[in-house]
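Structural features, examined
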Amino acid sequence: MFKIRKAKDEEPTAPGQVRIKKKSRVPGVMITQYVEQIPDGKSTPDFTRKPIAITIQEGKLAIFRAIVTGNPPPTVTWTRNNGDISDPERFKITQVPNSGEHQLQMPDVSVDQADTYKCFARNEYGKAVVTAALNVIEAVREIPEDFKKTLNKVDFETKEEKKEGEIDEGFWDLLLGADKKDYESICTQFGVTDFRWMLRKLNEKKREREEEVPVVESICNLKPIELKPCGAADFEHEMSLQEPTSKVFIYKDGVMMPFSPDTEVKHGLKQVAKKYGFGGENSGLYQVEIDGVKIFSTDFKVPNLDFLVKIEEVMALEREDAVFECLLSHPMTKITWTGRNATLEQGDKYDITVSEDMLIHRLVVKDCLQLDKGIYSAIAGLKSCSAWLVVEADDDPNSRGKKKARRTTQAGGGGSDMLKMAQEQQAKIQKERDELMAKTKAEAEAAAAAAAAQAAIEAEEAAKAAALAGEAGGAGKAGKAGKTGKAGKDGKAGKDGKAGKTGKTGKTGKAGKAGKAGGDGGSGGDGGAGGDPAAAGAGAKPAKSKAGESSATPDAGSEADDYESSEEEPGSEEGGEDGEGGGETVGEPAEGEEEAAPVEGRKRRVRTGPLVPDTVIDPGVYFTCGLSDVKAVIGTEAQFVCKLSSEDCDGVWYKDGKEMTTTDDACIVKEGAYHKLIFKNCKEEDSGKYRFEADGRKTEAVLNVEDPPRINSDDLSEFSKPVIIKVGQSAAFKLSFVGREPMKIQWYNEGEELFDDTHVKIEKSSSHTRLLLTKCQRKITGEIKIKIKNECGKTEAISQLTVLDKPTPPQGPLDIIESSSNCIDFKWRPPKDAGGSPITDYILERQQIGRNSWKKLGKIGPEPKYRDTDVDHGRKYCYHIRAETAEGISEMIETDDIQAGTKAYPGPPSAPKIVSAFKDCINLAWSAPSNTGGTNILGYNLEKRKNGSNLWGPVNPPDEPIREKKYAVKDVVEGIEYEFRVAAINISGAGEASAPSEFVFARDPKKPPGKVIDLKVTDSTYSTLSLAWTKPNEEEGVQDEAKAYFVELRPADNPEWGSCNTNAIIMTSYTIMGLKSMAMYWVRVIATNEGGNGEPQELDNYIIAMPPPVRPKFTDHKMKSFMVMRAGNSARVNINFEASPVPSIDWLKDSMPIPKHVTVSNADTSSQLLIPSAERTDTGIYTIMVKNLVGQETLSFEIRITDDPKPPGPVELQENVPGTVTVSWTPSPDEKRDDRLHYIVTKRDSIKRSWQTVAERLFNNKFTAINIMPGREYKFRVYAKNDMGISKPSESATWEVGRKKGMFKQELTLPDSKSCSFETPPSFSVPLKMHTSPESYECYMTCAVTGNPRPHVTWYRNNISLNTNTNYYITNTCGVCSLMILKVGSKDNGNYMVTAENQLGRVECSTKLTVKD
């Protein structure tokens, strides 16, 4: 099953909550608003100071700082991308009360804390987030002194040829510079299967490398080679050279490459401070050497992968998600996504995911907008693919001007087909991997078998040599040859050596040591036995076996821990140290060596596969727990503790290199394997570096004795007691302390730091401090805090200050509990600040509305409520309330008016209805009110008002209410228009009046109007229909004048008419809205007046909801018929037209349907042709056909897709006719693909030395240049040119025709020459012209003047010289005189004149400038 692994989880949105992105004034801050509308006075969070990126040395204090704003105040939280910050020891989150600054502190920062950190500020209206990076510089590893002494000794060994079965030295070079995660892949590449042996050998190589490197002091930050998205690759590391002049070289597969500052070379080594970085583009093994010593190696292989499925073009609707997916041929953890030439990262806008098999990579562009459309690319190694994202706008007219809702659908994506292809590819990759492992294993087994056969031959030869040595009489000792492997097994021959009890000669058996290559020689124990125990008698010394020892050391930091085997290594058991007693100890043979045949019937275990020799080393005593640095406060107890692997070992303690013994203050304790150094009462002189040594091992730690500020508990208890004073008095706070100087003392009042001021005095000394507050006010009541800091720490103490004052006024509004005819009961809120004392009483006063006097009600007690029973029904009262405490009486609060009970008036009746109207009487009727006020209705009051008046007048006398719900109004004037209203009366009085009636004329009834005249349609669209008509004629006694009209509509498939306007219209035109496009409707108009509705007038035919028919017509008059576009770019052509009804649109290319990759987007009045990435094959004649019911129109234009032409081939010169040169050249490669390509020929000779064009627009490949002069050198250049541009030139060889010199013998008699004068008076070859210029435009006047000597030119306006006027720009270039006015105004109107004068004469030329408004 395919699962997507998200790079970042989306934060959920609560139901009903929105997510509106906003911009902050601070760059880099992202604000999200949760509500549509923010109340007045409230705001979303924002940063006024954002945390910035930090690069810091390991072990230092790192602090991110941020200041936030928002109402309500936001809550600030911190997170990191990779990991959590819950450890309070490593991450401290604080807020500075005085400045409101939020801090994230990381004391003693380490490399694993390097990450991207985020700061969130949240309140109920939104959140703000900002990111900052923390970069930690790893501390440089120091090289031990004894290692530095050996740096000068360099042993250059000659390289030996690799023997069969040995591992390539490049394998170790790669491991030394690789990460641990790459070990497995490197071992697989070189066929190494024993990881434990590899790790042990690698540790040895590292130690050897350190001993071989005499040229560097430190080396760190080794970064293996990495491939960049641009196609280049680089690696880098940091090192400090012992000699700055040392030569640094880089080798690729053993070949040295240059160290050059030129960044354009293919490979190169650069140095930036202590950093050395390399950039290269080829696969191979790269090594850095300094003075012949290898420092760093890395292997670079270009990823062999490709896109099996490339990303495809996605067409998404606005506010819909777009999905790009691709399938790789090999797994890759991450690829690079780019969009619109920018690298995309996981975030709120983009979601980048990868499948579990790392073959399918997906990019989701969320909430697509028009700004997101463009080309998106996926880059994997050196391969890439691109596709377009096309975002279609939402043309829904109902959503215009509104924020469109986010769509929940997704566009694009590969679907189930891509999942199936991914599963097939994964199976194929797994099969190839299994085949490779099987092949590697087979090769390893073959090599092991060959090595075993060779070892067997060597073992047989060694056995023969051992047998000869045993015959010499030292058979018992000859067993020692077994110490080195198989040769020792033949020590059994010692059975015949019993006669050699002297054993002296037998020592020659030590020659067996030469067999060291055989392994650990565990079987040597058999040789020691010599056959029977008697052989180990007086003369024979039993041989010792080391088969039981192991070469593994107890180093907890060894890399071998990563690959520890759970099996016991054969031969690692203690088989007896000597051969006495006949004990058998079976050792391991050498790698690739087979077991020898069993001796005397004893059966041995046979190992298959290659074995790696183990060296058995006794680790001795070592530390299982070392010392740790200790911090202690002066005067307290501190101790160092370490633990050894053995309880029987003693050690020695040192301080700063000097041995320590037990004293009164320092006690040395040993408890089993634990060793302790205890300080009972730490002093400053106890600080230092302490070391514990045992059995050659040592561990060190540092004791820091600190003297932070401290406060005596009695003084702290006294300081913490609250201080209570009255307003205007003084308060003092004093505190003593001890600690190391200098100390910083800060006083705070409610979190705000105090400084010396008029009413604040702060005294400080080395042991005490005092705060004096004078003329204290109530507002400073609160917490008094003191903070004391020094370099060792800080402490603080808190006290309370209470300033007593009179209370603030009580708080409203009132809460009315009861308001009846005989009682008013209400309550209020106590004062916001009681002044530090309890409320003793409230004092009340009362005023009856309408009177000026106030009645004192007196003190009512401490409860904030009052019940007033001395009231009159229906009266309103106002109250003054004051609070009283022991410190005084507050200011008063005045309440709103409170009514004692309410009168129940009746509600309004219905609006009067006109029953009938005559010239002397109007009859009205109405309905009783629904709310009678709880009593009976006694009658009604009727009022009237003339149209245009604001005054209502009574119809009935006030003391004679109307008993019935109808009335005939006779007090009217004929021809006047009236309206009426009515009010009900009950026992409480007259209630609210009703709504007015309709206006009615006092006149006899009218006749309904007739039919409207000339009803017609004036305009129509797909959704509207506009009508116009003429009012009906009047006929006295038959039909009266029409006052208004109703328009009714009926769909063709519906028999019922519907009214288009609820209220009658008085205009003789109307537009019906909301029609269905292309639907059929019947329409009619009805005239109406006071006498009723007239007869309806219908249109003769039904109407179709569509615009008036229009034949298709193209509206782009400036449309070009020929367009040239560059290959590779997108080609976009917009065609606008008019047509009704909506036409059908067809596109053709060269009279054929357009290709599939060409996109066409059509609208009602336009069509767009889009070629996403144009190629030369897209060149052609494109035709658009627009057709509807009325007619058809076509438009054709040519699009030529081309590129800058390639230059012509070699140029050849040939002389066919004397005095001419025929220039011929090979055609440009683009000539066949571009029929508009032509050539330009230029020439340069040795006399003029400038290039001149001699031929243009040549469509052949030959040109004959004439007027070739003998004795001159000529060169020709040929350019290819097309609609896009011109190519680089192809240049010919130098052409020269030799000059033949002859003798000129004829004598010529020349007449005497006459002197000639070239001086001429000035004259205008081009005079001035008349000028008319709009105001605020430029005006440019020019003329040409000749003369020798060069005449002096002067400009005049209205006979005033302009040569020195800076408002006019005057030039004279080679006789062309010009005057320019940058911004013409009304002041520039007038006559302009220019004069030219030299010593031979003077001429003038004039013109006139007219400035238009």
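Residues numbered from 1 in each chain as written. Predicted model: local features only at pLDDT ≥ 70, side-chain atom pairs only at ≥ 80, totals over all residues. Heavy atoms only, no water.

**Focus: the overall build of the protein**
Threshold: Note on conventions: DSSP H or I runs of at least 4 residues are helices, E runs of at least 2 residues are strands, and numbering of each starts at the N terminus. Relative accessible area decides the class of each residue, using a 1.4 Å probe on protein chains only: under 20% of the type maximum gives buried, over 50% gives exposed, and in between gives partly exposed. Should any heavy atoms of two residues lie within 4.5 Å, those residues are considered in contact. Only the protein chains shown count as covering a residue, and every accessible area follows the Shrake-Rupley method with a 1.4 Å probe.
A tally of helices and strands in the protein yields 8 helices and 98 strands. Going through the 1413 residues of the protein one by one, you find that 38% of them count as buried. Expressed as a percentage of contacts within the protein between residues at least 6 apart in sequence, the contacts between residues at least 24 apart total 63%. As presented, the protein carries roughly 81900 Å² of accessible surface, and 49% of it is formed by carbon and sulfur atoms.

**Notes on the confidence of the model for the protein**
Regions with low pLDDT carry predicted coordinates that are not meant to be interpreted in detail. Here is the rule we go by: A score between 0 and 100, pLDDT records how confident the predictor is in each residue.
Residues with a pLDDT of 70 or more make up 78% of the protein, whose mean pLDDT is 79. Counted against residues more than four places away or in other chains, residues 260-268, with its pLDDT under 50, gives 19 contacts. Residue range residues 270-281 is modelled with pLDDT below 50. Its contacts to residues more than four positions away, or to other chains, number 49 contacts.

**Quick notes on the sheet that holds strand β83 (residues 1221-1225)**
Heads up, the condition is: Strands are treated as partners if at least two bridges between them are detected by DSSP. Axis lines are fitted to C-alpha atoms, over the contacting stretch for helices. Their N-to-C directions set the angle, which ranges from 0 to 180 degrees.
Taken together, 3 strands build an open sheet; the order of strands is β82-β83-β86 and the sheet is antiparallel. Of all the strands in the sheet, just β82 (1211-1214) and β86 (1262-1265) have a single pairing partner and so form its edges. Taken pair by pair, the neighbouring strands of this sheet meet at an average axis angle of 20°, ignoring direction. Here β83 pairs with β86 via 4 bridges, running antiparallel.

**Section: the environment of Glu700**
With respect to the helices and strands, the residue Glu700 is situated in strand β38 (residues 697-706). Judged by relative accessible area, which is 37%, Glu700 ranks as partly exposed. Sequence separation of Glu700 and Tyr690 is 10 residues, and the distance between their C-alpha atoms is 5.7 Å. Filtering out sequence-adjacent residues up to four positions away, Glu700 remains in contact with Leu627, Lys689, Tyr690 and Arg691.

**A few points about the sheet that holds strand β35 (residues 666-671)**
The strand order β30-β32-β36-β35 describes an open sheet built from 4 strands, whose pairing is antiparallel. Either end of the sheet is taken by a strand with one partner, and the two such strands are β30 (623-625) and β35. Averaged over neighbouring strand pairs, the angle between their axes works out to 25° when direction is ignored.

**With respect to helix α3 (residues 183-190)**
Counted only if it meets this: Of all possible arcs, the one meant is that of the directions from the helix axis to the C-beta atoms.
Residues of α3 that are buried include every one of Tyr183, Ile186 and Cys187, and no others. In an axial view of α3, the angular spread of the buried residues amounts to 100°, which keeps them on one side of the axis. One or two positions beyond α3, positive phi appears at Gly191, with a value near 75°.

**Remarks on the side chain of Asn956**
This is how it is decided: Two N or O atoms form a polar contact when they lie within 3.5 Å of each other; inside protein one atom must be a possible hydrogen donor and the other a possible acceptor, and for residues adjacent in sequence the pair counts only when both atoms belong to side chains.
The topology assignment puts Asn956 in the loop between β59 (953-954) and β60 (966-969). Here Asn956 falls in the buried class, since its relative accessible area comes to 7%. Within the local environment of Asn956, its side chain forms a polar contact with the side chain of Asn941, the two groups lying 3.4 Å apart. A distance of 2.9 Å separates a polar atom in the side chain of Asn956 from the backbone nitrogen of Leu942.

**Digging into unusual backbone geometry**
Omega for the peptide link from Ser1140 to Pro1141 comes to 0°, which places this bond in the cis form. Examined against the element boundaries, Pro1141 turns out to sit in the loop between β75 (1131-1140) and β76 (1144-1149). The step from Asn1348 to Pro1349 runs through a cis peptide bond, and the omega angle for that step is 5°. Position of Pro1349 among the secondary structure elements: in the loop between β92 (1339-1348) and β93 (1352-1357). In the Ramachandran plot, Arg319 falls in the positive-phi region, its phi being about 70° despite a non-glycine side chain. Relative to the elements of secondary structure, Arg319 occurs in the loop between β21 (314-317) and β22 (321-328). Positive phi, close to 55°, is recorded for Cys1374, a residue that is not glycine.

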